[in-house]
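Architecture and fold: a report
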Amino acid sequence: MAKRTFSNLETFLIFLLVMMSAITVALLSLLFITSGTIENHKDLGGHFFSTTQSSPATQGSTATQRSTATQHSTATQSSTATQTSPVTSTPEPPLFQNFSGYHIGVGRADCTGQVADINLMGYGKAGQNAQGILTRLYSRAFIMAEPDGSNRTVFVSIDIGMVSQRLRLEVLNRLQSKYGSLYRRDNVILSGTHTHSGPAGYFQYTVFVIASEGFSNQTFQHMVTGILKSIDIAHTNMKPGKIFINKGNVDGVQINRSPYSYLQNPQSERARYSSNTDKEMIVLKMVDLNGGDLGLISWFAIHPVSMNNSNHLVNSDNVGYASYLLEQEKNKGYLPGQGPFVAAFASSNLGDVSPNILGPRCINTGESCDNANSTCPIGGPSMCIAKGPGQDMFDSTQIIGRAMYQRAKAKTCKPALGYSFAAGTIDGVGGLNFTQGKTEGDPFWDTIRDQILGKPSEEIKECQKPKPILLHTGELSKPHPWHPDIVDVQIITLGSLAITAIPGEFTTMSGRRLREAVQAEFASHGMRNMTVVISGLCNVYTHYITTYEEYQAQRYEAASTIYGPHTLSAYIQLFRNLAKAIATDMVANLSRGPEPPFFKQLIVPLIPNIVDRAPKGRTFGDVLQPAKPEYRVGEVAEVIFVGANPKNSVQNQTHQTFLTVEKYEATSTSWQIVCNDASWETRFYWHKGLLGLSNATVEWHIPDTAQPGIYRIRYFGHNRKQEILKPAVILSFEGTSPAFEVVTT
């Protein structure tokens, strides 16, 4: 490549950008305490394993290791282990032992967090802040144990983008404080569904803190509380039952969004599969001894990006809608988020799998942009967007979610991000004019990087080849490390089912290779016919994991494989070690590995808290625009209220919803709630104005099942009030619309 020279204009622009960036960094540094203070949260040591027999499954076990990511092609392991004693111990519920099966507990709790003034986590799009709510986010916990209480395992699926290491450490610390040695690092899996429409702000590593526009302790604490509450409920509700495994293909809901990378894999390997995506869904069904449904976990490879990067409403996307449908079916008579049956649609090897099955097209010309660089002749990569099967993103979310629901009824480098990371994907392009498939850097951006962050070392550049390094995160440590270098790997077995807890997003072929390697390892030690599940985005987030061959193409997923081209090989080695330890009853001999850090001081949120104000002559909750007097099914009832910032309600929940739709029952002369903000047919929009003024719009998309009658819409909120020289106070309020009628057509 010829050496590039810069014009006077380009030189001036570079200088201006560097100066602006330096000022920004200086201002941000004021928000940090950069002393490097670290607090290690330690959990109980000791892995356990038992060969207790049960039916229909025969064996349960857990195995966990921490690996240290280094610049080499294999992950090193620490030979030291740390043990601590529990602070307190909560007694276990009494367990019956004379039965064949498992003790099973399920629980669900709200973990929504902020729905305004916080960035949505997933697309990395500047300005995509939360401005309301479409559906609530939930933590769904499942606890399974042998009849005598041994081999207890916990799997938690959470409606968030991914599980941060900080989140996992805090949850484990609080579990230890409450339950002692019962729930530990080695028998608890936390898995994010990977919705791209949940709040950010719960990370400690600098890359994610910057992407989140700061650390939001408010949202972090609400997530932790919701996860713990779901586990508490499952713990309390444990009862004898049975577990069944089923498999089946789901067709017509996914495409491979990086087919050119997939084609880099050996043809002999690709020939073994009929598709460039994994279509198999694995379902774990839990019932009591009478056959009554308790819960369900489904693993299926699909990105929850049916809601695109123009969305500003907090929601759980297509997998959350599948959970919503199944839980509503099983919990008849309950509002969403309530009822005993719990259904989780968990993530799997979704790295290169998109639900936007119409594929990428240039939004300005309509022509296909399904090419190696995902770019359009006019407008470049920003014009190349993939779309789902529906008329809009709401419709697409329902179509994909319903298909999943219906089927369920039935050694590494130091971390670094490549140029294609900034390009985004066909599901959500980046904000700058980067393209996918770049295997060479750009002098302009290299200069900017070098001036602000310093130059990457020759060692990391050589190790990461052919990735051109945009951000050498593994060599950046201020104010804290930018990426984790201690990563958990974990397997939990339930009879013939092995759940591999993956700390990132595996591509289709990466998942297949890992699954086959783990199955082969089990089989070589006598545990044949094991069903291996890839459970993605567990315990800590490390971006993507591609195959070595896919890495060479350097599309988005490869550029985001932060530990280099041999990342998958390292993971396969570690998971094979865990499988061997389980199969040979040597789990207790596994090294615990080093403890990850728990940073005390992080960037504060960049959006300040301000006092809410109502328009002159109005109060919070007043109706600014009432509903029409009459509606028919299929129409949208809309009411606009004087609003206040919804983030005030996160830790001051006088009500557990921002809205209700209520029907007047003449026989009881009372209003009955028919739906709330967790219902799919409602939408809550918050419109931020100037100087603390805001409006709240509540929509009810009247479903075909709505009964004729008199209805009203209510709005619940909290406003922030502060007088001079006094601390701020949070006050609750509510508003009620005039009644309106729903009539038959």
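Residues numbered from 1 in each chain as written. Predicted model: local features only at pLDDT ≥ 70, side-chain atom pairs only at ≥ 80, totals over all residues. Heavy atoms only, no water.

Short version of the rule: UniProt positions are given in the numbering used here, feature names are shortened, and annotations may be inferred rather than shown by experiment.
Under an unreviewed UniProt entry, the name given to the protein is Neutral ceramidase, and the organism recorded is Pongo abelii. The annotation that UniProt attaches to the protein under Catalytic activity (unreviewed entry) is "an N-acylsphing-4-enine + H2O = sphing-4-enine + a fatty acid".

1. What to know about the packing of helix α11 (residues 508–524) against helix α14 (residues 567–583)
What counts, and what does not: Fitted lines through C-alpha atoms give the axes, limited to the stretch in contact for helices. The angle between two N-to-C directions lies from 0 to 180 degrees. Runs of E in the DSSP output that reach at least two residues are strands. Runs of H or I that reach at least four are helices, and both are numbered from the N terminus. Throughout, the term roughly parallel applies to angles under 35 degrees, roughly antiparallel to angles over 145, roughly perpendicular to angles from 65 to 115, and oblique to all others. In this scheme the crossing of two helices becomes right-handed for a clockwise turn of the near helix relative to the far one and left-handed for an anticlockwise turn of less than a right angle. Whether two residues are in contact is decided by their heavy atoms, any of which lying within 4.5 Å being enough. Residue classes follow a fixed rule: Ala, Val, Leu, Ile, Met, Phe, Trp, Tyr, Cys and Pro count as nonpolar, while Asp, Glu, Lys and Arg count as charged, and any other residue, Gly among them, counts as polar.
Between α11 and α14, whose axes approach to 9 Å, the crossing angle comes to 30°. With respect to α14, the element α11 is oriented roughly parallel. At the point where α11 passes α14, the crossing takes the right-handed sense. Side by side, α11 and α14 meet where Ser510, Arg513, Leu514, Ala517, Val518, Glu521 and Phe522 of the first sit next to Leu568, Tyr571, Ile572, Phe575, Arg576, Ala579, Lys580, Ile582 and Ala583 of the second. Split by residue class, the contact of α11 with α14 holds eleven nonpolar, one polar and four charged.

2. Notes on the nonpolar core
How we decide: Here, nonpolar core means buried Ala, Val, Leu, Ile, Met, Phe, Trp, Tyr and Cys residues that are tied together by side-chain atoms lying within 4.5 Å of each other. Buried means the residue's accessible area, taken with a 1.4 Å probe over protein chains only, is under 20% of the maximum for its type, while exposed means over 50%, and partly exposed covers the values in between.
Within the largest apolar cluster, 77 residues are counted, with the highest numbers of intra-cluster contacts made by Tyr183, Phe684, Trp700, Ile713 and Phe740. Ranked by residue count, the leading element in this core is helix α4 (residues 217–236), at seven residues. Apart from residues lying up to four places away in sequence, Trp700 is in contact with Glu635, Val636, Ala637, Val661, Cys675, Glu681, Thr682, Ala706, Tyr711, Ile713, Phe740 and Val742. Core analysis: the second largest hydrophobic core is formed by 31 residues, Ile491, Phe522, Ile572 and Leu574 among them.

3. Quick word on the sheet that holds strand β4 (residues 102–110)
Quick reminder of the rule: Should DSSP find at least two bridges between two strands, the strands are regarded as paired.
The eight strands are arranged β9-β8-β7-β4-β11-β13-β14-β15 in an open sheet whose pairing can be described as mixed. Edge positions in the sheet fall to β9 (188–192) and β15 (342–346), since each of these pairs with one other strand and no more. Between one strand and the next, the sheet's axes are offset by a mean angle of 20°, whatever the strand orientation. When strand β13 (residues 280–288) meets strand β14 (residues 293–299), the two strands line up antiparallel, connected through six bridges.

4. Looking at the environment of Val250
Residue position: Val250 is located in the loop between β11 (239–249) and β12 (255–256). Separated by 157 residues in sequence, Val250 and Arg407 place their C-alpha atoms 6.5 Å apart. For Val250, the contacting residues outside a window of four places in its chain are Lys279, Met281, Phe300, Ala403 and Arg407.

5. With respect to the UniProt feature "active site" (unreviewed entry) in the protein
Here, UniProt's "active site" (unreviewed entry) annotation points to Ser354. Within the secondary structure, Ser354 sits in strand β16 (residues 353–354). Given a relative accessible area of 0%, Ser354 falls into the buried group.

6. Considering unusual backbone geometry
Glycine aside, negative phi is the norm for most residues, and most peptide bonds take the trans geometry. For the bond from Lys465 to Pro466, the omega torsion is 5°, close enough to zero to count as cis. Residue placement: Pro466 occurs in the loop between α10 (458–464) and β22 (469–471). The amide bond that connects Lys478 to the next residue, Pro479, takes the cis arrangement and shows omega of 0°. Structurally, the position occupied by Pro479 is in the loop between β22 and β23 (486–494). At Asn539, a residue that is not glycine, the phi angle is positive and equals roughly 75°. Structurally, Asn539 is set in the loop between β26 (531–535) and β27 (544–545). Judged by relative accessible area, Asn539 falls into the buried class, the value being 0%. One non-glycine residue with positive phi stands out, namely Gln554, at about 55°. Structurally, Gln554 can be placed in the loop between α12 (548–553) and α13 (556–559). For Gln554, a relative accessible area of 0% translates into the label buried.

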